[in-house]
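Next come the chains, spelled out residue by residue.
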Amino acid sequence: VDRANLLVALLYAHGPERAHRELQEMAVDAVALGDVDLSIDVIETAAAIWAGLGDATRAARLLGVADKQRELSGIPRAAPDQKHIDRFLGPVRDLVPEREWDEACARGAGMTIAEAVVLATQDRPAPATTGTVPAQGTRQASVDRASSR
């Protein structure tokens, strides 16, 4: 649980790259504890990390898993957790067409927690040359990305 809290702190203080490295080190162990609430928190934080890294589709898939697991377990998202999600996923939400976002969320809803951990802890692809989302969660899309739509 402490490492899950550390993950969020790293995301805010040091950005998504450092948080992603910690996620890779702790996610499997955290989920192995069998605590559904903790597992959902890890997946939601992973979604925020991937959003911070600029991967809107992966972030949406992870959010879809978390939302479905919350529904199945009857665990609502607390207001502070929603603010965390909004801060990081809000900016990348607009980087993909609505249909693509919804499809990614739906694909995520069909995944298990274990599958979500695999998706969340994969290595990052090489950095893109266009479009980035800084750690603070503010939108910063390049002209190239905007013009390619």
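Rules of the game
- Residues numbered from 1 in each chain as written.
- Predicted model: local features only at pLDDT ≥ 70, side-chain atom pairs only at ≥ 80, totals over all residues.
- Heavy atoms only, no water.
- Axes fitted to C-alpha atoms, helices over the stretch in contact; angles between N-to-C directions.
- Helix = DSSP H or I, 4+ residues; strand = E, 2+ residues; numbered from the N terminus.
- Parallel < 35°, antiparallel > 145°, perpendicular 65-115°, else oblique.
- Left-handed = near helix turned anticlockwise from the far one by under 90°.
- Contact = heavy atoms within 4.5 Å.
- Nonpolar A, V, L, I, M, F, W, Y, C, P; charged D, E, K, R; others polar.
- Salt bridge = Lys/Arg side-chain N within 4 Å of Asp/Glu carboxyl O.
- Buried < 20%, exposed > 50% of the residue type's maximum accessible area, 1.4 Å probe, protein only.

## A closer look at the packing of helix H1 (residues 2-14) against helix H5 (residues 79-93)
Okay, step 1: At their nearest, the axes of H1 and H5 sit 13 Å apart, and the two run at 45° to each other. Our classification of the angle between H1 and H5 gives oblique. Considering how the two elements wind past one another, H1 and H5 form a crossing that is left-handed. Judged by residue contacts, Val8, Leu11 and Tyr12 of H1 engage His84, Arg87 and Phe88 from H5.
Okay, step 2: Class assignment for the residues of the contact of H1 with H5 results in 4 nonpolar, 1 polar and 1 charged.

## Overview of the pattern of salt bridges
A pair can form between side chains of opposite charge whenever their charged atoms are brought close.
Okay, step 1: The tally for this structure, following the rule as stated, stands at 7 salt bridges.
Okay, step 2: Close ionic contact of Asp41 with Arg70 constitutes a salt bridge, the shortest N to O distance being 3.4 Å. In this pair, Asp41 sits in helix H3 (residues 36-52) while Arg70 sits in helix H4 (residues 56-73), placing the two residues 29 residues apart along the sequence.
Okay, step 3: On the accessibility criterion, Asp41 (26% relative accessible area) is partly exposed.
Okay, step 4: On the basis of relative accessible area, Arg70 is assigned to the buried category, the value being 7%.

## So, the packing of H3 against H5
Okay, step 1: At a minimum axis separation of 8 Å, H3 and H5 run at an interaxial angle of 30°. One element, H3, and the other, H5, form an angle in the roughly parallel class. Judged by the sense of rotation from one axis to the other, the crossing of H3 with H5 is left-handed. Here H3 contributes Asp41, Glu44, Thr45, Ala47, Ala48 and Ala51 to the contact with H5, which in turn contributes Asp81, His84, Ile85, Phe88, Leu89 and Val92.

Geometric descriptors of this kind do not, in isolation, establish any biological role.
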